[in-house]
Amino acid sequence: MAIYVLLGPPGVGKGTLAEMLCAHFGFLHISTGDILREEVRRGSELGRRAQSFMDSGGLVPDETICAIMASRLQEDEVRRRGCLLDGFPRTLPQAEAFDRLVSQGAPAVERVVLLQAGDELLMQRLTARRVCGACRAVFNVLFTPPRQDGVCDKCGGALEQRGDDTEATARARLRVYGQQTEPLVRFYDQRGLVLRVDASQDKHEVRSQVCAALHLA
Ligand SMILES: [Zn+2]
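The shown structure was predicted, so the numbers you read here are calculated from the model rather than taken from an experiment.

Right, let's talk about the overall build of the protein chain for a bit. Secondary structure assignment for the protein chain yields 9 helices and 8 strands. Taking 217 residues into account, the globule formula puts the C-alpha radius of gyration at 17 Å, and the protein chain, at 19 Å, falls close to it. Judged by the C-alpha coordinates and their principal axes, the protein chain covers about 55 × 40 × 30 Å. When burial is assessed residue by residue, the protein chain has 23% of its 217 residues classed as buried. In the protein chain, the share of contacts with a sequence separation of at least 24, taken over all contacts with a separation of at least 6, comes to 69%.

The next thing to look at is the environment of F187. Examined against the element boundaries, F187 turns out to sit in helix α8 (residues 167-189). Taking the C-alpha atoms as reference, F187 lies 28 Å from D76; in sequence the two are 111 residues apart.

What follows covers the sheet that holds strand β3 (residues 83-86). With respect to topology, 5 strands assemble into an open sheet ordered β2-β3-β1-β4-β8, the strand pairing being parallel. Looking at strand neighbours, the two that pair on one side only are β2 (28-31) and β8 (194-198), the edges of this open sheet. Between one strand axis and the next, the sheet turns by 25° as a mean value, whatever way the strands run. Where strand β1 (residues 3-7) and β3 come together, 4 bridges link them in parallel fashion. Its bridge partner being in β3, Y4 is matched across the sheet by L84. Of the strands in this sheet, β1, β4 (109-116) and β8 are in contact with α8, which crosses β8 at around 125°.

Next up on the list: the sheet that holds strand β6 (residues 138-140). Spatially, β6-β5-β7 is the arrangement adopted by the 3 strands of the open sheet, whose pairing is antiparallel. With partners counted over all chains shown, the strands left at the sheet margins are β6 and β7 (159-160), one partner each. Judged from the 3 bridges that link them, strand β5 (residues 129-132) and β6 form a sheet pairing that is antiparallel. Each bridged residue has a counterpart across the sheet, and for R130 the counterpart in β6 is F139.

Let's shift gears to the domain arrangement of the protein chain. By the assigned domains, the protein chain splits into domain 1 (3-118 + 172-213) and domain 2 (128-165). Between the C-alpha centres of domain 1 and domain 2 the distance comes to 30 Å.

Moving on to the packing of helix α2 (residues 32-42) against helix α3 (residues 45-55). Put simply, α2 and α3 touch, their axes get as near as 7 Å, and they point 110° apart. Taken together, the axes of α2 and α3 are roughly perpendicular relative to one another. In this structure, the crossing between α2 and α3 has a hand that is left-handed. Seen from α2, the contacting residues are L36, E39, V40 and R42; seen from α3, they are L46, G47, A50 and Q51. Per-class residue counts for the contact of α2 with α3 are 4 nonpolar, 2 polar and 2 charged.

This paragraph deals with unusual backbone geometry. Residue F88 is joined to P89 through a cis peptide bond whose omega torsion reads -10°. Its identity as a non-glycine residue notwithstanding, R136 has a phi of 70°, on the positive side. Of note, R136 is situated in the loop between β5 and β6.

Parameters at a glance
Residues numbered from 1 in each chain as written. Predicted model: local features only at pLDDT ≥ 70, side-chain atom pairs only at ≥ 80, totals over all residues. Helix = DSSP H or I, 4+ residues; strand = E, 2+ residues; numbered from the N terminus. Rg over C-alpha atoms; globule rule 2.2 N^0.38 Å. Buried ≥ 20, exposed ≤ 12 C-beta atoms within 10 Å, placed from the backbone. Contact = placed C-beta atoms within 7 Å. Pairing = 2+ DSSP bridges. Axes fitted to C-alpha atoms, helices over the stretch in contact; angles between N-to-C directions. Domains from an automatic or database assignment. Parallel < 35°, antiparallel > 145°, perpendicular 65-115°, else oblique. Left-handed = near helix turned anticlockwise from the far one by under 90°. Nonpolar A, V, L, I, M, F, W, Y, C, P; charged D, E, K, R; others polar.

Given below as structure tokens:
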């Protein structure tokens, strides 16, 4: 079965597309973010190591990520069902490490789906979250807005923007994404593997374009 890599900036809707494709085709959705959060929750050695990087605002090193993915990609289930990789490879060294795994018998990348959208739209989405300061209820000013601006529907508390969701943080995330991803896209472009999809469209339209291009019915 095929291995697909999903690339795209934060806020572009990778998670939504992954969910739709995996529900429909039975692919495994392998998200490095989910794996790391799970390891942190379990308090494993790997989780503790990853947490220390995340706490200091840094990225988890390539070596750690590659170690996780090496074991995951060798699993029978991956071969049987195919998978959608979300968050790996994220850097050029990770893509090169992936090639080494393939030479040791892991399945190779079939296509790379690159979701694209303008910075303006991404900024709107990334800064749309509001959290109630009193009861912690979460709202989204674009998709699930509160009935009254800035006021929690559930308890009347004041809604706040968390540090992660501010404009400065969102810009920084998009910048880091661009720096890391450009070399990666060139790497896969040289092999003719990259499928570019306009992700500013409706999510069902995005899904059907991806399916058509990948010859998934
Ligand atoms: Zn509240």
